Amino acid sequence: MPRFIPSVAVATSVGALVAALVVASPAFAESTDPTVVPTTAPTSTPVASVPVGPGELERTFAYQCESIFWGLNLGTHSVSVRATADYPEVAAPGDVLAPRSASVELELSELLRQSVHLLLNGTSYEGTADADWTLTTAGRATAWDTGDLVFPRAAVPEGMNESWRLPGRVDLPAVTVPDDAEGALWLSLPQRFTLAGQMHTTSGETHDGEFTCTAPADRVLGGVALEGSTDPTPPTPDPTTDPTPDPDPTTDPTPDPTPDPTDPTPIRRSARSRPLVPGPAGEP
């Protein structure tokens, strides 16, 4: 029997149960610091290795995804997003690139798999996400209205450290290469997307499950090759898209203004400022 079952049995709340799963995970057991869960988060491929056609464009990105299932917030997890699209063409300005489909596969964390499997009795998941990609060339970025990201029903593994993967696809529409295109026509994944779907359970029930995901600063999948261009430079990542927010700036509190003794405005005495003990007869 897996070692984490006793911890789950005594959990009295969602928070306690998730904490029990963390403590019972092998990664926690190997840590030298009991307050830290060491994880190997997937990282985005360096900008220098952005692929350019003709041929297959493939990269892996580390999105940060808030996970809410059955109304329970299971936390924000690093999710590996591997995208692949094939553009064998060498295009020229004015060319129309035919529509095609691309694959997008999510690999979710072991802690999230444990939470879904043990806490919700989840057995499989399916969902869709509506999000625009981006086309960039000649220093100009344009929103690309692609089809939905569709993730057919896929099993939630039962065994510890079995990879939980959600293979999906997206339809990429036809695109006309701009007349001023230069270097390459760069394709970028969505900056954000929300994957909404259904979690199926051992009892045959279904419950809502949602991932709200934010991309790293660099989300360029690759470039469609253009005639006469060699060694094109991919767009510079925009730091404003980084999912890790900067800490709130520290500002000195603004002191209340000091009354100006030369201010001629009279101070009116309110009813509350009158003496509580009445004065001699005849005085107000």
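Residues numbered from 1 in each chain as written. Predicted model: local features only at pLDDT ≥ 70, side-chain atom pairs only at ≥ 80, totals over all residues. Heavy atoms only, no water.

### As for the state of the cysteines
Point 1. For the structure on display, the rule yields one disulfide.
Point 2. Across the disulfide, cysteine 65 is cross-linked to cysteine 213 (sulfur-sulfur distance 2.1 Å). Because the torsion about its S-S bond is 115°, the bridge between cysteine 65 and cysteine 213 counts as right-handed. Of the two residues, cysteine 65 sits in strand β1 (residues 55-69) while cysteine 213 sits in strand β14 (residues 206-214), which places them 148 residues apart along the sequence.
Point 3. On the accessibility criterion, cysteine 213 (1% relative accessible area) is buried. (Disulfide = S-S within 2.5 Å. Helix = DSSP H or I, 4+ residues; strand = E, 2+ residues; numbered from the N terminus. Buried < 20%, exposed > 50% of the residue type's maximum accessible area, 1.4 Å probe, protein only.)

### Some words on the sheet that holds strand β8 (residues 140-144)
Point 1. Spatial strand order, β3-β15-β12-β7-β8: five strands in an open sheet with mixed pairing. Every interior strand has two partners, whereas the edge strands, β3 (90-91) and β8, have only one.
Point 2. The sheet contact formed by strand β7 (residues 133-137) and strand β12 (residues 184-188) spans three bridges and is antiparallel. Across the sheet, the residue bridging to threonine 136 is tryptophan 186, located in β12. (Pairing = 2+ DSSP bridges.)

### With respect to unusual backbone geometry
Point 1. Along the chain, glycine 53 connects to proline 54 via a cis peptide bond; the corresponding omega equals 5°.
Point 2. Looking at where proline 54 falls in the secondary structure, it is placed in the loop between α3 (26-29) and β1.
Point 3. Look at tryptophan 70: it is not a glycine, yet its phi comes out positive at around 60°.
Point 4. Structurally, tryptophan 70 can be placed in the loop between β1 and β2 (72-87).
Point 5. Backbone geometry places asparagine 121, a non-glycine residue, at a positive phi of 55°.

### Description of the environment of asparagine 161
Point 1. Of note, asparagine 161 is situated in the loop between β9 (149-155) and β10 (164-172).
Point 2. The class for asparagine 161 is exposed, based on a relative accessible area of 52%.
Point 3. Taking the C-alpha atoms as reference points, asparagine 161 and glutamine 114, separated by 47 residues in sequence, lie 9.0 Å from one another.

### Here we look at the pairing of strand β15 (residues 220-226)
Point 1. The buried fraction of β15 is high, at seven of seven residues.
Point 2. In this sheet, β15 lies alongside β3 in parallel orientation, the contact comprising two bridges. Along β15, the bridge assignment pairs valine 90 with alanine 225.

### Quick word on the environment of alanine 154
Point 1. Following the sequence through the fold, alanine 154 ends up in strand β9.
Point 2. Residue class for alanine 154 comes out buried when judged on its relative accessible area of 12%.
Point 3. Residues alanine 154 and glutamate 126, spaced 28 residues apart in sequence, show a C-alpha to C-alpha distance of 6.4 Å.
Point 4. In this structure alanine 154 touches Thr123, Ser124, Tyr125, Arg165, Leu166 and Pro167, once residues within four positions along its chain are discounted. (Contact = heavy atoms within 4.5 Å.)

### Here's the deal with the nonpolar core
Point 1. Membership of the largest hydrophobic core comes to 50 residues, with the highest contact counts inside it found for Trp164, Leu166 and Phe211.
Point 2. No other element matches the six residues that β2 contributes to this core.
Point 3. Once residues within four sequence positions are removed from consideration, tryptophan 164 is found in contact with Leu106, Glu107, Leu108, Leu112, Arg113, Val116, Tyr125, Ala155, Val156, Pro157, Met199 and Phe211. (Core = buried A, V, L, I, M, F, W, Y, C linked by side-chain atoms within 4.5 Å.)

### Overview of the confidence of the model for the protein
Point 1. Per-residue pLDDT for the protein has a mean of 77; in total, 67% of the residues score no lower than 70.
Point 2. pLDDT under 50 marks residues 1-48. Its contacts with residues more than four places away, or in other chains, come to 57 contacts. (pLDDT = per-residue confidence, 0-100.)

### A few points about the packing of aromatic side chains
Point 1. Taken as a whole and judged by the stated rule, the model has five aromatic pairs.
Point 2. Between tyrosine 63 and phenylalanine 193, the aromatic rings sit 5.4 Å apart at their centres with planes inclined by 50°, giving tilted as the arrangement. Of this pair, tyrosine 63 sits in strand β1 while phenylalanine 193 sits in strand β13 (residues 192-201), and the two are 130 residues apart along the sequence. When sorted by exposure, tyrosine 63 lands in the same class as phenylalanine 193, which is buried.
Point 3. Measuring from ring centre to ring centre gives 6.4 Å for tryptophan 133 and tryptophan 144, while their planes differ by 85°; the resulting arrangement is edge-to-face. (Phe/Tyr/Trp six-rings, centres within 6.5 Å; stacked < 30°, edge-to-face > 60°.)

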